[in-house]
Every structure is written in structure tokens, then in C-alpha cells.
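The residues making up each chain are set out below.
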Amino acid sequence: TRYWRDWSSDVCSSDLLAGDVAGAVGHFSAAILSAGEFAPKRTANLLIDRARARVEQQQPAAARADLDRALGLDADAAEGWPLSAALARRQQDLPRARADIAKALALAPADGDVLLEAARIAEAGKDPKAAREFLEKAAAGQDADAAETARQALAASGSPQAPQH
């Protein structure tokens, strides 16, 4: 069973990297069924991955259903909360986006991608001061890609940039 689960995750990831989102959704669905009811964390991770693929397929309702189920199975799934927050922001559900990003920040307060999403949500909520604070934290963080993105956003907004690492 373990071999099937590892293999199925590899196949799903390969599908996504190759741009075969529909194939990835199918493989994620099969892997979710094989995870069984006694593997909630595994199932939650697969649901989060399938939700990502469904976002790529422009299926926000299906992505939301997968995320809600995943986070119900594993409320500590750090990867699920920022994705849920981003989806809520894109759907213009700012109260949900704020609540979800708060959970993501509680689980991963220094994660650059979480900080960037928090900045996007703050900006969408017309809170430029909070957005700038999140960008400054991301710019000063250890994640080089997120730090560079944050520095570019700060420069574009005319804010002073955080020091580079």
C-alpha cells in the first residue's frame, strides 16, 4: 500500500509538471480513494493537491470543496490554509480570506509565500499599512524567491525596501 501511495503522488506531480492537469486530477482522485478512511492526513494532503489542480482548471467550486474537506480532516495542514485564503480572495470573500490567512500565519509565521498572500489580502482589503508590513517581513525572510517578490512589490509601491540576505 505504501508503494502505491508514493507512486501515485509521483504520478500526480509528474502530470502537473507536464501540464496535464486533467490527468493529475484523475490520479489524485484515485490516490484519495486508495488512502482509505484511516489516513486523514494523507487524504488531506491529496485533497489539497487536487484543489491546486482544480484551481488551474478554473474549477473554484470543486477546489473549495476539496479544501474544505481537507482542512476538516487536518486543521494543521499548513499548505491548505494559504491556498484556501488565496481562493477566497480571488472569489472576493475577504472575511474568509482573512480568517484562513490568520490560520496559515499561526502555523507558518515566517513562510514567505504565506506572508505574500497575507499582503495580497491586506491590499485587497484596502489596508496598505498591513500589506507593507507583510511585504517587509517577506523581504527580510529566508525564502529567496518570496523575498525577491516582496522587494519588487515594495519598490513598485514606493516603500523602502527591506535589507537583502
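Up top is the structure.
Anyway, here's the lowdown on the structure attached to this text. As the structure is a prediction and not an experimental result, all values here were calculated from the model. (Residues numbered from 1 in each chain as written. Predicted model: local features only at pLDDT ≥ 70, side-chain atom pairs only at ≥ 80, totals over all residues. Heavy atoms only, no water.)

Turning our attention to the pattern of salt bridges. Under the counting rule described, the total for this entry stands at eleven salt bridges. Across the pair Lys41 and Asp74 runs a salt bridge, and its minimum N-O distance is 3.2 Å. Highlighted residues: Lys41 in helix α3 (residues 40–56) and Asp74 in the loop between α4 (60–73) and α5 (80–90), separated in sequence by 33 residues. On the basis of relative accessible area, Asp74 is assigned to the buried category, the value being 8%. Across the pair Glu136 and Arg132 runs a salt bridge, and its minimum N-O distance is 3.9 Å. With Glu136 and Arg132 both in helix α8 (residues 128–139), this residue pair falls four residues apart, about one helical turn. Each of Arg64, Asp68, Arg96 and Asp100 takes part in salt bridges that share partners, so that together they form one network. (Salt bridge = Lys/Arg side-chain N within 4 Å of Asp/Glu carboxyl O. Helix = DSSP H or I, 4+ residues; strand = E, 2+ residues; numbered from the N terminus. Buried < 20%, exposed > 50% of the residue type's maximum accessible area, 1.4 Å probe, protein only.)

With that out of the way, let us pick up α8. Counted at 1.5 Å a residue, the expected span for α8 with its twelve residues is 16 Å, and the 16 Å between its end C-alpha atoms agrees. Within α8, burial applies to Ala130, Ala131, Phe134, Leu135, Ala138 and Ala139. Against α6 (94–107), α7 (112–124) and α9 (144–157) lie the buried residues of α8. (Expected span 1.5 Å × (residues − 1). Contact = heavy atoms within 4.5 Å.)

Attention shifts here to the packing of α3 against α5. It is at 10 Å that the axes of α3 and α5 come closest, and there the two elements cross at 30°. For the element pair α3 / α5, the angle class is roughly parallel. Crossing hand, α3 versus α5: left-handed. Seen from α3, the contacting residues are Ile48, Ala51, Arg52 and Val55; seen from α5, they are Gly80, Leu83, Leu87 and Arg90. (Axes fitted to C-alpha atoms, helices over the stretch in contact; angles between N-to-C directions. Parallel < 35°, antiparallel > 145°, perpendicular 65-115°, else oblique. Left-handed = near helix turned anticlockwise from the far one by under 90°.)

Here we take up the environment of Gly19. One can find Gly19 in the loop between α1 (2–17) and α2 (21–35). A relative accessible area of 53% means that Gly19 is categorised as exposed. Counting along the chain gives 34 residues from Gly19 to Ala53, while the straight-line C-alpha distance between them is 9.9 Å.

So, on to a negative patch on the surface. Taken together, the side chains of Asp111, Asp113, Asp143 and Asp145 make up a negatively charged region of the molecular surface. On the secondary structure map, Asp113 appears in helix α7. (Patch = residues over 30% accessible without salt bridge, like charges linked within 9 Å, V, L, I, M, F, W, Y side chains within 5 Å. Areas by Shrake-Rupley, 256 points an atom, 1.4 Å probe, with all protein chains shown as cover. Lys, Arg positive; Asp, Glu negative; His and termini not counted. Charge placed at Lys NZ, Arg CZ, Asp CG, Glu CD.)

Here we take up the environment of Ala65. With respect to the helices and strands, the residue Ala65 is situated in helix α4. Assessed through its relative accessible area of 46%, Ala65 is described here as partly exposed. Ala65 sits 14 residues away from Ala51 along the chain, and the two C-alpha atoms are 8.2 Å apart.

What follows deals with the packing of α7 against α9. Where α7 contacts α9, the axes come no closer than 8 Å and their chain directions differ by 25°. Looking at the two axes, α7 sits roughly parallel to α9. In this structure, α7 uses Gly112, Asp113 and Leu116 to contact α9, whose residues at the interface are Ala146, Thr149 and Ala150. Split into classes, the residues belonging to the contact of α7 with α9 amount to three nonpolar, two polar and one charged. (Nonpolar A, V, L, I, M, F, W, Y, C, P; charged D, E, K, R; others polar.)

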